[in-house]
Amino acid sequence: VSYLKRLFSDMDSHRSGMITLEDFKQHLQSKDMRELFRSIDLDVSEADGVFRILDWNSDGSISQDEFLSGCLRLRGTAKALDVLVLMRETDRMFRVCLAEIRALQDLLLLA
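The text that follows walks through the structure, step by step, so that each part is easy to find. (Residues numbered from 1 in each chain as written. Predicted model: local features only at pLDDT ≥ 70, side-chain atom pairs only at ≥ 80, totals over all residues. Heavy atoms only, no water.)

1. Some points on the pattern of salt bridges
A pair can form between side chains of opposite charge whenever their charged atoms are brought close. As enumerated under the stated definition, the model contains five salt bridges in all. The partner of Arg6 in a salt bridge is Asp32, with the nearest N and O atoms 2.9 Å apart. With Arg6 in helix H1 (residues 2–11) and Asp32 in helix H3 (residues 31–39), this pair connects stretches of sequence that are 26 residues apart. With a shortest N-O distance of 2.5 Å, Arg92 and Glu89 are connected by a salt bridge. With Arg92 and Glu89 both in helix H6 (residues 78–110) and three residues apart, the pair spans about one turn of that helix. Judged by its relative accessible area of 38%, Arg92 falls in the partly exposed class. (Salt bridge = Lys/Arg side-chain N within 4 Å of Asp/Glu carboxyl O. Helix = DSSP H or I, 4+ residues; strand = E, 2+ residues; numbered from the N terminus. Buried < 20%, exposed > 50% of the residue type's maximum accessible area, 1.4 Å probe, protein only.)

The structure is reproduced here in structure tokens:
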């Protein structure tokens, strides 16, 4: 975990506690980043997809907590990546459905 914290800190050049896709991509050729991708059985060419998976709340940046928990979940076989993609997509669909339900409730209250 301390290795991941150090890697995150290296990418967080603005010291904001968040990293963007640009920050993430700027470090792809570093030894530590290549090692991270190797440890989760992925190629650095999949960086965009990995970033989107780690960006759990889809705000365009990754917090240290998102980075740590996501990287720890991605360890293991490619099946772990598939499950994480499904979890993220399910969460996204839930948020869309919830927004639609709230919009319908508002319409019903106005009627």
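2. So, unusual backbone geometry
Most of the time, phi is negative for any residue but glycine, and the peptide bond is trans. In this structure, Arg15 is a non-glycine residue whose phi angle is positive, near 55°. Along the chain, Arg15 turns up in the loop between H1 and strand E1 (18–20). Judged by relative accessible area, Arg15 falls into the exposed class, the value being 58%. Phi angles above zero are rare outside glycine, and Ser58 is one such case at about 55°. Relative to the helices and strands, Ser58 is located in the loop between helix H4 (47–54) and strand E2 (61–63). Taking the relative accessible area as the measure of exposure, Ser58 reaches 44% and is therefore partly exposed.

3. A few points about the packing of H1 against H3
For the pair H1 and H3, interaxial distance at closest approach is 11 Å and the crossing angle is 130°. By the angle class used here, H1 and H3 are oblique. Once H1 is placed against H3, the crossing between them reads as left-handed. Taken together, the residues of H3 that come into contact with H1 (itself represented by Tyr3, Leu4, Arg6, Leu7, Asp10 and Met11) are Asp32, Met33, Glu35 and Leu36. (Axes fitted to C-alpha atoms, helices over the stretch in contact; angles between N-to-C directions. Parallel < 35°, antiparallel > 145°, perpendicular 65-115°, else oblique. Left-handed = near helix turned anticlockwise from the far one by under 90°. Contact = heavy atoms within 4.5 Å.)

4. Quick look at the nonpolar core
Across soluble globular proteins, you tend to see nonpolar side chains buried next to one another. Core analysis: the biggest nonpolar cluster contains 24 residues, and Phe24, Met33, Phe37, Leu54 and Phe67 have the highest contact counts within it. The element best represented in this core is H4, accounting for five residues. Not counting the four nearest positions on each side in its chain, Met33 is found in contact with Leu7, Met11, Phe24, His27 and Leu28. (Core = buried A, V, L, I, M, F, W, Y, C linked by side-chain atoms within 4.5 Å.)

5. Structural notes on the side chain of Ser63
As for its placement among the helices and strands, Ser63 is situated in strand E2. According to the relative accessible area criterion, Ser63 is buried, its value standing at 18%. In contact with Ser63, other than residues within four places in its own chain, are Phe8, Gly17 and Met18.

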